[in-house]
Amino acid sequence: MVSKRKKKYSTGEGAQFMTRKAALKKLQLSLKDFRRICILKGIYPREPRNRKRAQKGAGGIKTLYHTKDIKFLLHEPIIWKLRELKVFQQKIRKARAMREYGKMRKYFSDYPEINIDHIVKERYPTFVDALRDLDDCLTLCFLFSTFPSLKRVPRDQSLLCRRLTVEFMHAIIAAKALRKVFVSVKGYYYQAEIEGQTITWIVPHHFSFKPQNKDEVDFKIMSTFVEFYIMVLGFVNFKLFHSLNLVYPPKLTAGLNSDAEKDLVDEKAYVAERVAAMNMSIARVAGSNEAEELPDIDVFNTEDNDPEKMEEAKKEAEKIKVLKTMFKGLKFFINREVPREPLVFIIRCFGGEVSWDRDHFVGATFDESDESIAYQIVDRPSMDKQYLSRYYVQPQWVFDSVNARTLLPINKYLMGAVLPPHLSPFIDKTKDQVYMPPEQRALNDPNFKPLDDEPSDEEIEEASDEEKEEQSEQEDGEEALARQYKQEMEQDSPSEDDDDDDQDPDKKKAAKEKKKAMAVTTGVPVKEHPYKKEIEDKQAFRLREKLVPKKHRNLYKSMKAGQEKRKKEIWLLRKKRRLHDEKVSEEKKAVKRKQKMQALEA
Amino acid sequence: MTVKTAKTTATKKRKRVSKKSKASWRKHCDINDVEEFLEDQRLEERLGKFDEKPDEELFIVDTTGGDVDEKPEVKPDLKAKSFKERKRAQLAETPKCFEVLLPTSKVQDPNKKRNTVKQVGSKPSDLSKLTEKRQLSKGVLSRKLEQTKVNRKLAIQKKKKSKTVRQSFDKNIWDAPTLESKGIPETLCNEFVSTEAQLHNVPTTKRIRAKPQLPKTLLTRAAIEVPHPGVSYNPSYQEHQALLSEVVQHEQKMMKRQAHLNRVTTNMFSKVTQGEKEKQWQEEMSVGLPQPHNPSNDPDPEPSDNEYKAVNPPVKNKKKDHKARRKQREQLEEKERLKRAKIEKKKITDLYRLRKIQESLKKQESRQCERSTRLASKREEKAATALPALNKHRPPEKEPEFVDPAILTGDLRNLTNTSNLLRDRFESLQRRGALAASKVMMKKKRKLKSYFKPGHKVTEQDIKKYIQKLDKK
């Protein structure tokens, strides 16, 4: 007998993929339901390697799904729930058409709800998995929290988003997990670190809601995404609060509960409530202490024992430790023209206390007249009434301080000053081998000082050469004085000894002799020759370089060559800059000398 | 003899018989055993299973030994009941006449929910009506009514609360999983049962299917891209310029592409004005028609030698002679010979050129290798950022964000909204392959035609309404 002929596309790529239509047929769902369940379960369309084969010979581009994905969906109990819902929708439609409104209302109240928490667990088997995927979730939730009730978005969604985002911010505040802030035109970029995972999210600037163009975004789809993300964020919040020993549903202000929905119609009032909620301290679990400070990094002997890396990690940990308590014990007062939400969040994240005008917004904790306020944040050129006991700074000082991880000097950020640029903290640190002009370096690193100690301020430069000379003379004089003082001190100390000697020289002599007999010669410490050590280290390094496996040798070589090249480029550019600077200054000097001469002649 | 043997073989049961038709099937198949089994089963169903019956029913403990004298049977003293008593005892029993209707089989009723017949008393009787009246006057009923109202309210509240449970998030779903939650039957949740056995016994409906891995684009691409430092609300000059130059480059690229498309499509076809087109059409259509005589168009009268000359003289087949043919052949042969000689000569010289040839081959190979690696790396690079093709629509490409220097005021107060974050998110999802790119289709509102039904009496109100509707449009 001849074996049965194999049908085309019954194996291989043709069998692996399924068009959307086939999937709908297999799952017995409508397109709407299919879309919803795909988003909830995290099933996405696929791109095949060979489209022609995957589409079973059909042309064009069709939306394809993995057959395995669809089989996975087939086992989802929610599918049955969706079918039940369909029946309900039909009933409601019928009741409406028959004008049996009582019945319709009853159906609405009995409308079954889909519980999707098992899906959250299934998609994120561990907490860390959920944290890793939180970027999108947070951004969308923050975005939806600013939306009014829309046509395609369920009514409770934006309210829930508001509640959950405030809760999440509280968790971040309690954990002191915020690391970076970047204020962009789009919104505020925040980066936090929770359980070793960096989470980045965007919070839009608070503008009044702008109606979206209908043909730009599919609201239904986005709201389905949000439906799932709300669930994730809720459970993440629960876990975060519990790990921080906080009581989970925190009692926040009334505006964030669903009961008070009707009272808060005003958007501004809502925002005020929200900020006030953020400024509240939340209840801790009874009998729990404050989260203890993390101990210092333990050193483990790992195979990749790079002392440089260890050192770097230690430094980083130290910096973060400083950052966490940067604003501790400081009181901030926010003027009313400043956007309060980001500032309250940031300041509270690093231990500061915040308040604002009691007359304008709810939730203020102390008054403007409080003398213990250290900083007042203002965003206007001048103020009528100023307190001497505090600094008046612009909001950017807070953001830049967080990114610099220290309290920056305030002189550039004082009220009315022209601000230095707000730089992005999200720059790839690995690509540091680029030339930076000294101005930019000074911006990035507050500790940076240009090597050539030229007075950079123009005023000083403009000062005449004579003055400079005088200064140098003065300096010389001071130096000479200091030297003299030192010498005198040196002379003084032996003189005292001499006085002692004068008292009885004989005794002294005898003692000396005795001492000599008993003397234990002091051990001479083995002097480590720094130069020698350097040479030894270099040799060891070369030896290690030789041990690079053959497989990676070329890569290593090219890497080294690249580094050298970049170094050389930087060096070249720096040299160019130095020469240019020198030339410019000399020209200036020449011009000045000329002017002086002219003035003398005249 | 032979005849007899033939007969015996004929009567002998054939080994293979056709059971093609129903009749032949019945004839040749022995289904006695099946029927017997079924009969047994039915009997079992009627009388109950033999092995399910308690031992007391099947066995009797034989207490009377053979050697022991039989005790006289103790009979319960039956008192003669009176007629009345007997009748009373019979009251509880089902009447004899109905015994036929009772099921004798032990098979359970497959349809338990039968229509219930309303019992006596479900209809308000005269007596019940009276009591109700009495209760109403006493105020018992009104109290009951209030109670039901309260109960109903409570029930609604309870229902509402159960709905908001979804939003309370009151459990840690990332707890250590219990065995029961994995679908392992309770009886096997024991430390003495090996994990293999436990997992083996998970019912298929509860078995967790491994989730297929996500598409690669979704795993590798960041949800929130690192912002360009130039989009800061107060950027440094260099960074802002870098951003602007990026925007300009992008725009130039787009313009170039547009120009290319124009050149390749629209500009490929020569353009003709309407007048010219008409003229062309007229010319084409009037081919062959007699034209009005135009003396200026006449060809110059050539000096003719009075001989007829055709416009297209006939082709003459002029034959080559023998000599010409021979010459041609010889030339061809000579050419061939020279070619061969050249090849032979080249063979010899190539022997001396071997090293050079090898070198050139090596060079060529290395060049090819280099090219292939370069192309591969380029392809990889492209694939890393390529937009997923999941639909006939292409997801929108990421464009560098343009920040107008005019809106950069340097303070937070005067910031203006330019970008749409929601659209940004939506497109990011599409670019990562979480959504197939699509064009949102707007639903067209169906226009309803309104007209008066013929024969319908049109009132003034109707006309007013109609006019109002027209005005609205």
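A quick note: this is a predicted structure, and the numbers were derived from the prediction, not measured.

A.B. asks: Please explain the overall build of chain B as it appears in this structure.
C.D. replies: Helices and strands together make up the secondary structure of chain B, namely 15 helices and zero strands. Here chain B, with 473 residues, has 13% of them falling under the buried criterion. Counted over contacts in chain B with a minimum sequence separation of 6, partners at least 24 positions apart contribute 54%. Carbon and sulfur atoms make up 55% of the accessible area of chain B, which totals about 45500 Å².

A.B. asks: Even after reading the chapter, I still don't get the overall build of chain A, so can you show me in this structure?
C.D. replies: Helix and strand counts for chain A come out as 22 helices and nine strands. Counting all 602 residues of chain A, 37% fall into the buried class. Residue pairs in contact within chain A that sit at least 24 positions apart in sequence constitute 62% of those at least 6 positions apart. When the accessible area of chain A is evaluated, it comes to approximately 39100 Å², of which 52% is carbon and sulfur surface.

A.B. asks: What should I look at first to understand a positive patch on the surface in this one?
C.D. replies: On the surface, A:K32, A:R93, A:K151, A:R152, A:K220, B:K443 and B:K445 cluster together into a patch of positive charge. By secondary structure assignment, the location of A:K151 is in the loop between α10 (134–144) and α11 (155–175).

A.B. asks: Looking at this structure, how should I read the interface of chain B and chain A?
C.D. replies: A common measure of how large an interface is: the accessible area buried when the components associate. Residue-level contacts link 66 residues of chain B with 90 residues of chain A. Counting the surface lost from both chain B and chain A, the interface buries some 6900 Å², and carbon and sulfur atoms represent 64% of this. The interface formed by chain B and chain A contains seven salt bridges. Residue B:E401 is joined to A:K186 by a salt bridge in which the shortest nitrogen-to-oxygen separation is 3.5 Å. Taken together, chain B and chain A are joined by 24 residue pairs in polar contact (both at pLDDT 80 or more). Put simply, the parts of the chain that give the side of chain B that touches chain A at least two residues each are α7 (140–164) and α14 (421–432) of chain B.

A.B. asks: I would appreciate a short explanation of the packing of aromatic side chains in the present structure.
C.D. replies: The relation between two aromatic rings is expressed through the spacing of the ring centres and the mutual angle of the planes. All names here are of chain A. Tallied over the entire structure, the rule returns 28 aromatic pairs over all chains. Look at Y190 and F345: their rings are 5.2 Å apart centre to centre, the planes differ by 90°, and that puts the pair in the edge-to-face class. You can see Y190 sitting in strand β4 (residues 187–194) and its partner F345 sitting in helix α15 (residues 340–349), a full 155 residues away along the chain. Grouped by ring-pair contacts, the aromatic residues F142, F168, Y188, Y190, W201, F345 and F399 constitute a single cluster.

A.B. asks: Which parts of the structure should I look at to understand the sheet that holds strand β7 (residues 353–356) of chain A?
C.D. replies: All names here are of chain A. If you trace the four strands from one edge of the open sheet to the other, you get β7-β6-β8-β9, paired in parallel fashion. Looking at which strands have only one partner, the edges of the open sheet turn out to be β7 and β9 (391–393). Between one strand axis and the next, the sheet turns through 25° on average, direction left out of account. The sheet contacts of α15 involve β6 (331–334), β7 and β8 (375–377), and relative to β7 the element is tilted by about 155°.

A.B. asks: Would you mind showing me how to read the sheet that holds strand β3 (residues 178–183) of chain A here?
C.D. replies: Pairing between the strands of a sheet comes from backbone hydrogen bonds, and it takes one of two forms, parallel or antiparallel. Residue and element names in this part refer to chain A. Pairing is antiparallel across the open sheet formed by three strands, whose spatial order is β3-β4-β5. In this open sheet, the two edge strands, each paired with only one partner strand, are β3 and β5 (197–204). The mean angle between the axes of side-by-side strands here comes to 15°, regardless of whether they run parallel or antiparallel. Across five bridges, the pairing between β3 and β4 is antiparallel. By the bridge assignment for β4, F182 is matched with Y189.

A.B. asks: Any chance you could explain the packing of helix α21 (residues 530–546) of chain A against helix α22 (residues 550–601) of chain A here in plain terms?
C.D. replies: For any two helices packed against each other, the geometry comes down to the angle between their axes and how far apart the axes lie. Residues and elements named next belong to chain A. At a closest axis distance of 11 Å, the pairing of α21 and α22 adopts a crossing angle of 135°. Our classification of the angle between α21 and α22 gives oblique. In this structure, α21 contributes F541, E545 and K546 to the contact, and α22 contributes R553, Y556 and K560.

A.B. asks: Help me understand the pairing of β6(A) in this model?
C.D. replies: All names here are of chain A. Burial of β6 is two-sided: the residues K331 and F333 facing one way and the residues F332 and I334 facing the other way are all buried. Relative to β7, β6 runs parallel, the two being bridged by four bridges. Looking at β7, one finds that K331 is bridged to E353. Regarding the hand of the β-α-β motif, the stretch spanning β6, α15 and β7 is right-handed. Taken together, the three bridges between β6 and β8 define a ladder with parallel strand orientation. Across the sheet, the residue bridging to F332 is Y375, located in β8.

A.B. asks: It is not clear to me how the packing of helix α3 (residues 31–41) of chain A against helix α6 (residues 78–97) of chain A should be interpreted in this structure. Could you clarify?
C.D. replies: Residue and element names in this part refer to chain A. Running from N to C, α3 and α6 point in directions that differ by 145°, and their axes come no closer than 11 Å. Between α3 and α6 the crossing geometry is right-handed. Residues D33, R36 and I37 of α3 form the contact with α6, whose own contacting residues are I78, I79, L82 and L85. By residue class, the composition of the contact of α3 with α6 is five nonpolar, no polar and two charged.

A.B. asks: Is there a simple way to explain a nonpolar patch on the surface in this structure?
C.D. replies: A grouping of B:F452, B:V458, B:I463, B:Y466, B:I467 and B:L470 is seen on the molecular surface, where their side chains present a nonpolar patch of about 490 Å² in accessible area. For B:V458, a relative accessible area of 38% corresponds to the partly exposed category.

A.B. asks: Can you walk me through the nonpolar core in this structure?
C.D. replies: A general tendency of soluble globular proteins is for nonpolar side chains to be buried together. All names here are of chain A. Counting 133 residues, the largest nonpolar core has I172, L178, W201, F345 and W397 as its most contacted members. Looking at this core, the element that brings in the most residues is helix α12 (residues 219–243), giving 16 residues. Every residue in contact with I172, bar those within four places of it in the chain, is listed here: A177, L178, A192, I194, W201, F345 and C349.

A.B. asks: Even after reading the chapter, I still don't get a negative patch on the surface, so can you show me in this structure?
C.D. replies: Residue and element names in this part refer to chain B. There is a patch of like negative charges on the surface, built from D30, D33, E36, D40, E44, E45, D51 and E52. Here E44 is to be found in helix α3 (residues 32–47). Taking the relative accessible area as the measure of exposure, E44 reaches 33% and is therefore partly exposed.

A.B. asks: Explanation requested: unusual backbone geometry in the structure shown.
C.D. replies: Most of the time, phi is negative for any residue but glycine, and the peptide bond is trans. All names here are of chain A. The phi dihedral of Y9 falls on the positive side, at around 65°, and the residue is not glycine. Tracing the backbone shows Y9 in the segment before α1 (13–16). Classification of Y9 by relative accessible area gives partly exposed; the value is 22%.

A.B. asks: Looking at this model, I keep getting lost on the pairing of β3(A). Mind explaining?
C.D. replies: Note on strand geometry: in a regular strand, side chains alternate between the two faces of the sheet. In terms of residue burial, β3(A) counts as a mostly covered element, since five of its six residues are buried. Taking the residues between adjacent antiparallel strands as the criterion, β3(A) and β4(A) are bridged by three residues.

A.B. asks: Please clarify how the confidence of the model for chain B should be interpreted in this entry.
C.D. replies: Any region with low pLDDT has predicted coordinates that should not be read closely. Residues and elements named next belong to chain B. Residues at a pLDDT of 70 or more form 91% of chain B, whose mean pLDDT is 84. The secondary structure element of chain B with the lowest average pLDDT is helix α1 (residues 2–11), at 47, and the one with the highest is helix α12 (residues 322–352), at 95. Here residues 1–10 scores under 50 on pLDDT; set against residues more than four positions off or in separate chains, the count is zero contacts. For this predicted complex, the interface confidence reaches an ipTM of 0.77, while the overall pTM sits at 0.68.

A.B. asks: Sorry if this is basic, but what is going on with α21(A) here?
C.D. replies: Count 3.6 residues to each turn of an α-helix, and residues three or four apart come out pointing the same way. Taking 1.5 Å as the rise per residue, α21(A) with 17 residues should run 24 Å; its terminal C-alpha atoms sit 24 Å apart, in good agreement. The element α21(A) is largely exposed, with a buried count of zero among its 17 residues.

About the thresholds
- Residues numbered from 1 in each chain as written.
- Chains lettered and ligands numbered in written order.
- Predicted model: local features only at pLDDT ≥ 70, side-chain atom pairs only at ≥ 80, totals over all residues.
- Heavy atoms only, no water.
- Helix = DSSP H or I, 4+ residues; strand = E, 2+ residues; numbered from the N terminus.
- Buried < 20%, exposed > 50% of the residue type's maximum accessible area, 1.4 Å probe, protein only.
- Contact = heavy atoms within 4.5 Å.
- Areas by Shrake-Rupley, 256 points an atom, 1.4 Å probe, with all protein chains shown as cover.
- Patch = residues over 30% accessible without salt bridge, like charges linked within 9 Å, V, L, I, M, F, W, Y side chains within 5 Å.
- Salt bridge = Lys/Arg side-chain N within 4 Å of Asp/Glu carboxyl O.
- Lys, Arg positive; Asp, Glu negative; His and termini not counted.
- Charge placed at Lys NZ, Arg CZ, Asp CG, Glu CD.
- Buried area = accessible area lost by both parts, 1.4 Å probe.
- Polar contact = N/O pair within 3.5 Å; in protein donor to acceptor, adjacent residues only side chain to side chain.
- Phe/Tyr/Trp six-rings, centres within 6.5 Å; stacked < 30°, edge-to-face > 60°.
- Pairing = 2+ DSSP bridges.
- Axes fitted to C-alpha atoms, helices over the stretch in contact; angles between N-to-C directions.
- Parallel < 35°, antiparallel > 145°, perpendicular 65-115°, else oblique.
- Right-handed = clockwise from strand over helix to strand, strands pointing away.
- Left-handed = near helix turned anticlockwise from the far one by under 90°.
- Nonpolar A, V, L, I, M, F, W, Y, C, P; charged D, E, K, R; others polar.
- Core = buried A, V, L, I, M, F, W, Y, C linked by side-chain atoms within 4.5 Å.
- pLDDT = per-residue confidence, 0-100.
- Expected span 1.5 Å × (residues − 1).

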